[in-house]
Amino acid sequence: MRSHEYQLRTRDWAAVFAPTLLVALLILVAVRALHTTHHLPAPPPALDPETTLFHHQARAARQRDPATIVLVGDSTALMGVDARQLSDELPGQPSALNLSLIVGLDLPTYGGILHTFATTHPGQVHCAVLLVGPQKAALGGHSTDEIEAWREIDAAAAAGRDARAGGADWLGRAWLRDNLLAHLLNTPLRLNGAENFGFASELDRHLTEHRGSLVDFGTFALPRQRQRLPFTLAPGLEPESREFRALVPPGVRLCVGLTPGARSAGAPGDRERRDAVLRAWGEWLRAERLLTNLPATVPDAEFGASGHLNSRGRAHLTHELARELAPFGPSVGAASPPTP
């Protein structure tokens, strides 16, 4: 026995679902229109710390910025120098920006991001500071995969698009997801460093607030086997150094230094060996100034868990760097004789 029976015609089904479908269609049309007219917000940073860093630095190299001092190098420069503190401690407080990346990239990549910023801001940059760790100078080398990942993100930033964009999306679902919903739904970071910042947006915000500088956390742990600091220079670094120099725009004075190692890895004569490395490297780079007054080593307590300087060590190295650059004067780029 049937108590009820409903006879629904096509018109009835249309009356039920048509309003919802119409609203969804209007939203997608609106998203497509906003994308076409470049009014959509940019997608948020990626979900792992390294890619988030790449997105931020590629974007920062192209944004309007007053920096006259640009720092480039590996992760020891990224976490070893606080660009805001450097600006505060220099005469006249010139603006500084840290565009350092990671150790797996080569010197021409570091030179490329410097060149991008300098050409985006013609005549503005007076001083470039190249800093890498002793291991980078001694071993050279780079990761092809990491260079390719950087190039993809950098090219996307240059074209004003998101490197993660795929093929044709006629409905605009990817734009709705990546450019709008992703800003409302905060996504946790993954991989190394995720525990320190939690979310990609927090890491990106820290980079912005600290002018491209990061910081290490935790406590430095002594390795089981004591390793001396490798104050040598990899022969393969010479062609990379010449490529880097070719990317430094005319009128930009280049300062070159090595970031310090842990005191427990030090040995007598480290400063002399470090300075010899800098003199040879400075010739390849045709550097205007060698940062020989930076410390070769600092106490272990100034290092964090990953072997980068912690906030205390970063403040120390930044202070010493400010003392090294101070003779350039308020413009940090005024004429001064090159260091022999």
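Residues numbered from 1 in each chain as written. Predicted model: local features only at pLDDT ≥ 70, side-chain atom pairs only at ≥ 80, totals over all residues. Heavy atoms only, no water.

1. Description of the overall build of the chain
Definition in use: Elements are defined by DSSP. Helices are runs of H or I of four residues or more, strands are runs of E of two residues or more, and each kind is numbered from the N terminus. Here the term buried applies to any residue with accessible area under 20% of the maximum for its type, exposed to any over 50%, and partly exposed to those in between, with areas from a 1.4 Å probe on protein chains only. Should any heavy atoms of two residues lie within 4.5 Å, those residues are counted as being in contact. Only the protein chains shown count as cover for residues, with accessible areas throughout obtained via the Shrake-Rupley method and a probe of 1.4 Å.
A count of helices and strands for the chain gives 13 helices and seven strands. With 340 residues in all, the chain has 48% of them scored as buried. Across the chain, the fraction of contacts at a sequence separation of at least 24, relative to all contacts at a separation of at least 6, is 82%. For the chain, the exposed surface amounts to about 17,500 Å²; the carbon and sulfur share of it is 58%.

2. As for the nonpolar core
For clarity, the threshold we go by: To form a nonpolar core, buried Ala, Val, Leu, Ile, Met, Phe, Trp, Tyr and Cys residues must be joined to one another through side-chain atoms within 4.5 Å.
Grouped together as the largest cluster of nonpolar side chains are 51 residues, with contacts concentrated most on Val72, Leu99, Tyr110, Leu130, Phe244 and Trp281. A per-element tally of this core places helix H5 (residues 107-120) first, with six residues. Non-local contacts of Phe244, meaning those with residues more than four positions away in its chain, are made with Val72, Leu107, Tyr110, Gly111, Leu114, Leu130, Leu254 and Leu285. Counting residues in each nonpolar core, the second largest holds 22 residues, with Ala77, Leu86, Phe303 and Leu309 among its members.

3. Brief notes about the sheet that holds strand E4 (residues 253-258)
Think of a sheet as strands paired side by side through backbone hydrogen bonds, with each pair either parallel or antiparallel. Where we set the bar: Paired strands, as defined in this entry, are two strands with at least two bridges between them according to DSSP.
Spatially, the five strands line up as an open sheet ordered E2-E1-E3-E4-E6, and their pairing is parallel. The open sheet is flanked by strand E2 (96-98) and strand E6 (289-290), the only strands paired with a single partner. In this sheet, E6 lies alongside E4 in parallel orientation, the contact comprising two bridges. Bridge pairing links Val256 to Leu290 in E6.

4. As for helix H7 (residues 144-158)
Selection criterion: Here the expected length of a helix is defined as 1.5 Å per residue gap, with one fewer gap than residues.
Compared with the 21 Å implied by 1.5 Å per residue over 15 residues, the 21 Å span of H7 between its first and last C-alpha is a close match. Looking only at H7, the buried set comprises Ile147, Trp150, Ile153, Asp154 and Ala156. Its buried side turned inward, H7 meets helix H2 (49-60) and H5. Gly160 occupies a position one or two residues after H7 and carries a positive phi of about 70°.

5. Describing the packing of helix H11 (residues 237-247) against helix H12 (residues 270-285)
A pair of packed helices is characterised by two quantities: the angle between their axes and the separation of those axes. We count it as follows: Axis angles are defined between N-to-C directions and span 0 to 180 degrees, where every axis is a line fitted to C-alpha atoms and, for a helix, only to the segment in contact. Note that the term roughly parallel is reserved for angles under 35 degrees, roughly antiparallel for angles over 145, roughly perpendicular for angles of 65 to 115, and oblique for everything else. In this count, Pro and Cys sit with the nonpolar residues alongside Ala, Val, Leu, Ile, Met, Phe, Trp and Tyr, while Asp, Glu, Lys and Arg are called charged and the others, Gly among them, polar.
Put simply, H11 and H12 touch, their axes get as near as 8 Å, and they point 50° apart. Taken as axis vectors, H11 and H12 run oblique relative to one another. In this structure, H11 uses Leu237, Glu238, Ser241, Arg242, Phe244 and Arg245 to contact H12, whose residues at the interface are Trp281, Glu283, Trp284 and Leu285. Each residue belonging to the contact of H11 with H12 can be placed in one class, and the counts come to five nonpolar, one polar and four charged.

6. Observations regarding the packing of aromatic side chains
In plain terms, the rule: Only the six-membered ring of Trp is used, alongside the rings of Phe and Tyr, when aromatic pairs are assigned; centres must lie within 6.5 Å, and planes under 30 degrees apart are stacked while those over 60 apart are edge-to-face, with the rest tilted.
With the rule as written, the count across this model stands at one aromatic pair. Centroid distance Phe54 to Trp150: 5.5 Å. Interplanar angle 80°. Geometry classified as edge-to-face. Note that Phe54 is positioned in helix H2 and Trp150 in helix H7, a separation of 96 residues in sequence.

7. Describing the pattern of salt bridges
The condition is simple: What counts as a salt bridge is simple: a side-chain nitrogen of Lys or Arg found within 4 Å of a carboxyl oxygen of Asp or Glu.
All chains considered together, the criterion is met by nine salt bridges. In this structure, Asp154 engages Arg62 in a salt bridge whose closest nitrogen and oxygen atoms are separated by 2.9 Å. Remark: Arg62 occurs in the loop between H2 and strand E1 (69-73) and Asp154 occurs in helix H7; sequence separation between them is 92 residues. Accessibility expressed as a relative area gives 18% for Asp154, which makes it buried.

8. Some points on the confidence of the model for the chain
Where we set the bar: Each residue carries a pLDDT score, the predictor's confidence in it, ranging from 0 to 100.
On average, residues of the chain score 82 in pLDDT, and 70% of them reach the 70 mark or higher. Low pLDDT, under 50, characterises residues 188-195; the stretch is placed with 22 contacts to residues that sit more than four places away or in other chains. Here residues 333-340 is modelled with pLDDT under 50, and outside its nearest four sequence neighbours on either side it reaches 15 contacts, counting other chains as well.

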